Amino acid sequence: MEGVARMGFDDPCRAVEPERPGCACACHAIEGQHNAALPRSTEAALSWAVEKAVVRALFPKSRARRAFLRAVGGATALGAIAQFFPLGLVKEVFAAAAPEKKNLKVGFIPITCATPIIMAHPMGFYAKHGLNVEVVKTAGWAVIRDKTLNKEYDAAHMLSPMPLAITLGAGANPIPYTMPAVENINGQAITLAIKHKDKRDPKTWKGFRFAVPFDYSMHNYLLRYYVAEHGLDPDTDIQKRAVYDGVGFIHLLSKELWEGHPCCAFAASKEFVTTMPNTYAALLKAIIDATAFAAKQENRKAIASAIAPANYLNQPETVLEQILTGTYADGLGNVRTDPRRIDFDPFPWDSFAIWILTQMKRWGQIKGDIDYASIAKEVYLATDTAKLMQEVGLTPPLGASKTFKIMGKEFDPSKPEEYIKGFAIKRAA
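What you see as residue numbers is a count from 1 along each chain, following the sequence as written. Given that the model is predicted, a residue must reach a pLDDT of at least 70 before its local features are reported, and side-chain atom pairs must reach 80 or more before they are shown or counted; all residues, however, enter totals for whole chains, interfaces and linings. Excluding hydrogens and water, the side-chain figures rest on all heavy atoms present in the structure.

## Brief notes about the packing of helix H13 (residues 277-294) against helix H18 (residues 382-391)
To be explicit about the condition: Lines fitted to C-alpha atoms define the axes here, with helix axes fitted over just the stretch in contact, and angles between the N-to-C directions of these axes take values from 0 to 180 degrees. Runs of E in the DSSP output that reach at least two residues are strands. Runs of H or I that reach at least four are helices, and both are numbered from the N terminus. Angular relationships are summarised with four words: roughly parallel below 35 degrees, roughly antiparallel beyond 145, roughly perpendicular across 65 to 115, and oblique for the angles in between. Each crossing gets its handedness from the near helix: less than a right angle anticlockwise from the far helix is left-handed, clockwise is right-handed. Here, two residues are considered to be in contact whenever any of their heavy atoms come within 4.5 Å of each other. Three categories are distinguished: nonpolar for Ala, Val, Leu, Ile, Met, Phe, Trp, Tyr, Cys and Pro, charged for Asp, Glu, Lys and Arg, and polar for the others, with Gly belonging to the last.
Running from N to C, H13 and H18 cross one another at 70°; their axes reach a closest spacing of 10 Å. Between H13 and H18, the angle is such that the two are roughly perpendicular. Along this stretch, H13 crosses H18, giving a crossing that reads as right-handed. Between H13 and H18, the contacting residues are Tyr-280, Ala-281, Leu-284, Lys-285 and Ile-288 on the first element and Asp-384, Thr-385, Leu-388, Met-389 and Glu-391 on the second. Of the residues contributing to the contact of H13 with H18, the split by class is six nonpolar, one polar and three charged.

In structure tokens:
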């Protein structure tokens, strides 16, 4: 039974109670012989599942099925059926859908943005889709990038701009990468030190020092966008560093700049996607499934409990509940509630990628002519996500692109170069 359980199949005969002593499928004299005949390998489990499904489809009434099997025997029955039904072909098709690799490593940074990737382990979403996934806590975005590139990890939690930067070779050699699912939307904030609590006008921030987690991050691009809209040059008027000292307060949530913006993502190399398509599909289904579960507010307390332990986020469950449900202290003595402070939607809109690419070009991280639409489709894989969303019972958007507003200004993904030219403060020519 072990092989069957690993593949996620139940014994279809188990629900059939025999009318007289013998095994449940009526093919064996005793139940022990039945259990001994159950498959022990993945291949055998697949073959067994197909055979049982065909027999039960041909004889949906249990009484007729048992009578037929007792009369001719299991092997003879399958031989007869095979003369009229292409059992071999069905088995081949079914086997082709099995994961090429079941034991996987997926790296994550221990923050709530990685919630779907993390919770899919303790809450059984990976196992549900036939995978044995080890989620590995990792210290730092550069580390998670390097461990994924050197194939120590099969896939990883990344910042949503990272797969684009890796693909384009921004700061390194280009390696084709993909981002088939958004891990979370919203979830960021601009935070100031308490000593600046009376300086809420960004025009007064000249000389301030801000932390960003990585050059290729939504945090970096949204902060740059925000200060530039207030007349400050993010490369000359403020400073950025990786570590921020001191106690601060929340100036504003990033969702106030752009409601529904992408934050973190599920990413994998193009090589992984193309050489192990079944494994990739199963892994993406698990992530999509987990993300849909996380999107429901009523599930978030259970999720907080699942991801709190030391091997995941190592945080008090109460703290995680507050984050996931949107109840938070702003650092100025107020407790606020915003259920969408962090939210979950897996769909990787092409227009998300195009906006990120405009900011990468705006600030000089990439140069020259950019085929925005083509790169967006190659990296964000919205078509794959839409297909697999349907397979897990979700309704994907009808298209892969949409317009949206950042600080009240509409972004049209069909006109990226015009968008860049419209900024007064930029590095791009």
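## Observations regarding the packing of aromatic side chains
Operational definition: What counts as a ring pair is set by centres within 6.5 Å for rings of Phe, Tyr and Trp (its six-membered ring), and what kind of pair is set by the plane angle: stacked under 30 degrees, edge-to-face over 60, tilted for all other angles. In our convention, an over-ring charge means Lys NZ or Arg CZ found within 6 Å of a ring centre and within 35 degrees of that ring's normal.
One pass over the full model with this rule turns up 16 aromatic pairs. Through a chain of ring-to-ring contacts, the aromatic side chains of Tyr-225, Trp-258, Phe-352, Trp-355, Phe-404, Phe-411, Tyr-419 and Phe-423 assemble into a single cluster. A cation over a ring is seen here: Arg-224 above Trp-363, with NZ or CZ 5.0 Å from the ring centre. The positively charged end of Arg-341 is found above the aromatic ring belonging to Tyr-328, 4.5 Å away from the centroid.

## Remarks on unusual backbone geometry
For Asn-186, which is not glycine, the phi dihedral falls at a positive 60°. In this fold, Asn-186 is placed in strand E5 (residues 185-186). Not every positive phi belongs to a glycine, and Met-407 is a case in point at roughly 50°. Checked against the element boundaries, Met-407 lands in the loop between strand E14 (404-406) and strand E15 (409-411).

## Observations regarding the side chain of Thr-178
Note the following rule: Residue exposure (1.4 Å probe, protein chains only): buried if accessible area is under 20% of the type maximum, exposed if over 50%, otherwise partly exposed. Two N or O atoms count as a polar contact when they lie within 3.5 Å, although within protein this holds only if one can serve as hydrogen donor and the other as acceptor, and sequence-adjacent residues are included solely when both atoms are side-chain atoms.
Mapped onto the elements, Thr-178 comes out in strand E4 (residues 177-182). For Thr-178, a relative accessible area of 0% gives the class buried. In terms of polar contacts, Thr-178 uses its side chain to reach the backbone carbonyl oxygen of Ala-268, at 2.8 Å.

## Some points on the pairing of strand E3 (residues 155-159)
Here is the rule we go by: Two strands qualify as a pair provided DSSP detects at least 2 bridges between them.
Where burial is concerned, most of E3 is hidden: five out of the five residues are buried. Every second residue of E3 is oriented toward a common face, with Ala-155, His-157 and Leu-159 on one face and Ala-156 and Met-158 on the other, all of them buried. Pairing of E3 with strand E10 (residues 264-269) involves four bridges; the strand directions are antiparallel. Paired with Ala-156 across the two strands is Ala-267, which belongs to E10.

## Some details on H18
Looking at H18, one finds that the buried residues are Ala-382, Thr-385, Ala-386, Leu-388 and Met-389. Following H18 by one or two positions, Gly-393 adopts a phi angle in the positive range, close to 90°.

## Section: the environment of Ile-250
Within the element layout of this structure, Ile-250 appears in strand E9 (residues 248-253). Owing to a relative accessible area of 11%, Ile-250 belongs among the buried residues under this scheme. In this structure, the C-alpha to C-alpha distance between Ile-250 and Ile-190, residues 60 residues apart in sequence, is 6.1 Å. Other than its neighbours up to four places away in sequence, Ile-250 contacts Ala-189, Ile-190, Thr-191, Arg-200, Tyr-328, Ala-329, Asp-330 and Arg-341.

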